[in-house]
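Structural features, examined
Chain by chain, the residues run as shown.
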Amino acid sequence: MAAPETPKLTVDVVIPAEGGRVVLIRRSNEPFRGQWALPGGFVEVGETVETAAVRETEEETGLAVELARLVGVYSEPERDPRGHNVSVAFLARPLSGQPQAATDASEVAVLDPREVELAFDHRQIVADALGDEPGSREP
């Protein structure tokens, strides 16, 4: 008998910049291909969520980061159309590197997240990380 399916574990990273802006990637893969999202991705077997957050951020943005704090755990079963994926979200600060899109990102930019459409539940994650209300300023 096969083991029951369990949720997959992911990470998302909020990197704030001046003026309420954050580092975002434009997704090059489905779901949400072409939309803006936070850097992040799946945790690999044998990896901590912290290590995955730093690795995924560098892979997708070219930035080395230091994690500042845990933002929250996002487990709504419908948050990801690929299936039940649980995300551990972090607030981070950049240490070094120049923004450069790679792996799952077609573009990296520093944008006001309230002025662009964000994939998944990333608007809520940003709001939680920065202390904003998700609908406080409509695009």
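Another point: the pairing of strand β2 (residues 22-27). Burial analysis of β2 places five of its six residues in the buried class, the great majority of the element. Alignment of β2 against strand β7 (residues 105-111), held across six bridges, turns out to be antiparallel. Among the inter-strand pairings, Ile 25 is bridged to a residue of β7, identified as Val 108. As paired elements, β2 and strand β3 (residues 36-37) share two bridges and run antiparallel to each other. Paired with Arg 26 across the bridge in β3 is Trp 36.

The strands making up a sheet associate through backbone hydrogen bonding, with each pair oriented either parallel or antiparallel. On the basis of which strands lie adjacent, the open sheet formed by four strands has the order β4-β1-β6-β5 and mixed pairing. On the outer flanks of this sheet lie β4 (40-42) and β5 (64-74), each paired with one strand and no other. Between one strand and the next, the sheet's axes are offset by a mean angle of 25°, whatever the strand orientation. Here seven bridges tie strand β1 (residues 8-14) to strand β6 (residues 85-96), and the two strands are oriented parallel to one another. By the bridge assignment, Asp 12 is partnered in β6 with Ala 89. In the packing of helix α1 (residues 49-61) onto the sheet, contacts are made with β1, β4, β5 and β6, and the angle to β1 comes to roughly 60°. Here helix α2 (residues 122-130) sits on the sheet in contact with β1, β5 and β6, set at roughly 110° to β5.

Within the secondary structure, Glu 60 sits in helix α1. For Glu 60, which is buried and forms no salt bridge, the nearest opposite charge comes from Arg 27, at a distance of 5.9 Å. A distance of 3.0 Å separates the side chain of Glu 60 from the backbone nitrogen of Gly 40, its partner in a polar contact. If we skip the residues at most four places from it in the chain, Glu 60 touches Ile 25, Leu 38, Pro 39, Gly 40, Gln 100, Ala 101, Ala 102, Thr 103, Asp 104, Ala 105 and Val 108.

Further remarks concern the pattern of salt bridges. Overall, the coordinates contain ten salt bridges when judged by the stated rule. When the shortest N-O distance is used, the salt bridge between Glu 56 and Arg 55 registers 3.1 Å. A single salt-bridge network, built from bridges that share partners, covers Glu 44, Glu 47, Arg 55, Glu 56 and Glu 59.

The next thing to look at is α1. End to end, α1 covers 18 Å across 13 residues, agreeing with the expected 18 Å (1.5 Å per residue, within 8%). Buried within α1 are the following residues: Val 49, Ala 52, Ala 53, Arg 55, Glu 56, Thr 57, Glu 60 and Thr 61. Buried residues in α1 make contact with β1, β2, β4, β5, β6 and β7. Gly 62 sits one or two positions beyond α1 and adopts a positive phi of about 80°.

Moving on, we get to the packing of aromatic side chains. For the structure shown, the criterion picks out one aromatic pair. Ring geometry for Phe 32 against Phe 120: centres 4.8 Å apart, planes inclined by 70°, an arrangement best described as edge-to-face. Of this pair, Phe 32 sits in the loop between β2 and β3 while Phe 120 sits in the loop between β7 and α2, placing them 88 residues apart in sequence.

Rules used in this analysis
Residues numbered from 1 in each chain as written. Predicted model: local features only at pLDDT ≥ 70, side-chain atom pairs only at ≥ 80, totals over all residues. Heavy atoms only, no water. Buried < 20%, exposed > 50% of the residue type's maximum accessible area, 1.4 Å probe, protein only. Helix = DSSP H or I, 4+ residues; strand = E, 2+ residues; numbered from the N terminus. Pairing = 2+ DSSP bridges. Axes fitted to C-alpha atoms, helices over the stretch in contact; angles between N-to-C directions. Contact = heavy atoms within 4.5 Å. Lys, Arg positive; Asp, Glu negative; His and termini not counted. Salt bridge = Lys/Arg side-chain N within 4 Å of Asp/Glu carboxyl O. Polar contact = N/O pair within 3.5 Å; in protein donor to acceptor, adjacent residues only side chain to side chain. Expected span 1.5 Å × (residues − 1). Phe/Tyr/Trp six-rings, centres within 6.5 Å; stacked < 30°, edge-to-face > 60°.

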